[in-house]
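In case you want the letters, here they are:
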Amino acid sequence: MLNRIESNDLFTPEQVLENRGRVAIFIDGSNLFYAALQLGIEIDYTKLLCRLTAGSRLLRSFFYTGVDRTNEKQQGFLLWMRRNGYRVISKDLVQLPDGSKKANLDVEIAVDMMALVGSYDTAVLVSGDGDLAYAVDAVSYRGVRVEVVSLRSMTSDSLINVADRYIDLEMIKDDIQKTSRPNYAYRPLSGLS
């Protein structure tokens, strides 16, 4: 006869997260950018890194993005990312026939996830791209726990189905958005000799 499982015998989500081991973070920059636009927020990448590691030991955080070498603002942002805990993997944007620009980094994300298996215990994939489902499935078969973080409306069901945990960006947006500074007016000091 089976004993009945009591609710206090089960692990809480917090207890499960305590045992994440070494964490590797893989961020699809374009996907996150469009999710932030949908949410109407600007991401604070320091807060994002803290939220995604949640106190676990970070192996490395990768940020994959297409770049426009002539965009100085973007170059400054990527330099800031490199100096603040992110390994930036970039690819030049390609102009499509319709005039839009795109850089697909799915292969780079998948290869890095596979190449580092054995160096990390938990992968945090910040993307909703269903093309990454096969890579997620492959690393999970190698013993890695995979958490997918993305906006639900932009996330493939196939990706959610192969992940061990799914986190909707909508649920953590308050934790990762930039906080606006109170109205600060620059006032020069007067009366200095």
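Here, every reference points to the structure presented above.
The structure presented is a predicted model; accordingly, all values stated were derived computationally and were not measured.

Enquirer: Would you take a moment to explain the layout of surface pockets for this structure?
Expert: Using a probe with the size of a water molecule, rolled over the atoms, empty space left in the structure can be pinpointed. Roughly 1,100 Å³ of internal volume is contained in the largest pocket. Here the lining of the largest pocket takes eight residues from helix α2 (residues 29-39), the largest share from any one element. Residues that form the lining of the largest pocket fall into these classes: 17 nonpolar, eight polar and nine charged.

Enquirer: Explain the side chain of E147 here, please?
Expert: By the element assignment, E147 lies in strand β7 (residues 145-150). Under the relative-accessibility criterion, E147 is labelled buried at 2%. Only 3.1 Å separates the side chain of E147 from the side chain of R145, close enough to count as a polar contact.

Enquirer: Whenever I open this one, empty space enclosed by the protein confuses me. Can you help?
Expert: What the rule picks out here adds up to one cavity of 30 Å³ or more. When its volume is computed, the largest cavity comes out at roughly 70 Å³. Lining of the largest cavity is provided by ten residues; of these, R51, L52, E147, R165 and I167 occupy positions nearest its centre. Going through the elements one at a time, α3 (45-53), β7 and β8 (165-168) are the ones with two or more residues in the lining of the largest cavity.

Enquirer: How should I be thinking about the environment of D68 in this particular structure?
Expert: Mapped onto the fold, D68 is located in the loop between β2 (57-67) and α4 (72-83). Spatially, the C-alpha atoms of D68 and L93 are 6.0 Å apart, while their sequence positions differ by 25 residues. When neighbours within four sequence positions are excluded, D68 is seen to be in contact with Q74, Q75, L93 and K101.

Enquirer: Explain the sheet that holds strand β6 (residues 122-126) to me, please; I cannot follow it from the model alone.
Expert: Each strand in a sheet pairs with another by means of backbone hydrogen bonds, the pair being arranged parallel or else antiparallel. Strand order in the open sheet formed by six strands is β3-β2-β1-β6-β7-β8, and the pairing between neighbours is parallel. At either margin of the open sheet sits one strand with a lone partner, and together these are β3 (86-92) and β8. Across the sheet, the mean angle separating the axes of adjacent strands is 15° when strand polarity is ignored. Two elements, β6 and β7, share five bridges in a ladder whose sense is parallel. Looking across to β7, one finds that L125 is bridged to V148.

Enquirer: Would you take a moment to explain the packing of aromatic side chains for this structure?
Expert: The description of an aromatic ring pair rests on the distance of the ring centres and on the angle between the ring planes. Applying the stated criterion across every chain, the model contains nine aromatic pairs. When the ring of Y45 is compared with that of Y86, the centres are 6.2 Å apart and the planes differ by 85°; the resulting orientation is edge-to-face. Placement of the pair is Y45 in helix α3 and Y86 in strand β3, with a sequence separation of 41 residues. According to the relative accessible area criterion, Y86 is buried, its value standing at 4%. Aromatic rings pair up to connect F26, F62, Y64 and Y120 into one cluster.

Rules behind the numbers
- Residues numbered from 1 in each chain as written.
- Predicted model: local features only at pLDDT ≥ 70, side-chain atom pairs only at ≥ 80, totals over all residues.
- Heavy atoms only, no water.
- 1 Å grid on protein atoms, 1.4 Å probe; cavity = no way out; pocket = protein on both sides within 12 Å on 5 of 7 lines; lining within 4 Å.
- Points joined across faces, edges and corners; volume = space filled by probe spheres on them.
- Helix = DSSP H or I, 4+ residues; strand = E, 2+ residues; numbered from the N terminus.
- Nonpolar A, V, L, I, M, F, W, Y, C, P; charged D, E, K, R; others polar.
- Buried < 20%, exposed > 50% of the residue type's maximum accessible area, 1.4 Å probe, protein only.
- Polar contact = N/O pair within 3.5 Å; in protein donor to acceptor, adjacent residues only side chain to side chain.
- Contact = heavy atoms within 4.5 Å.
- Pairing = 2+ DSSP bridges.
- Axes fitted to C-alpha atoms, helices over the stretch in contact; angles between N-to-C directions.
- Phe/Tyr/Trp six-rings, centres within 6.5 Å; stacked < 30°, edge-to-face > 60°.

Read these as geometric descriptors, not functional statements.
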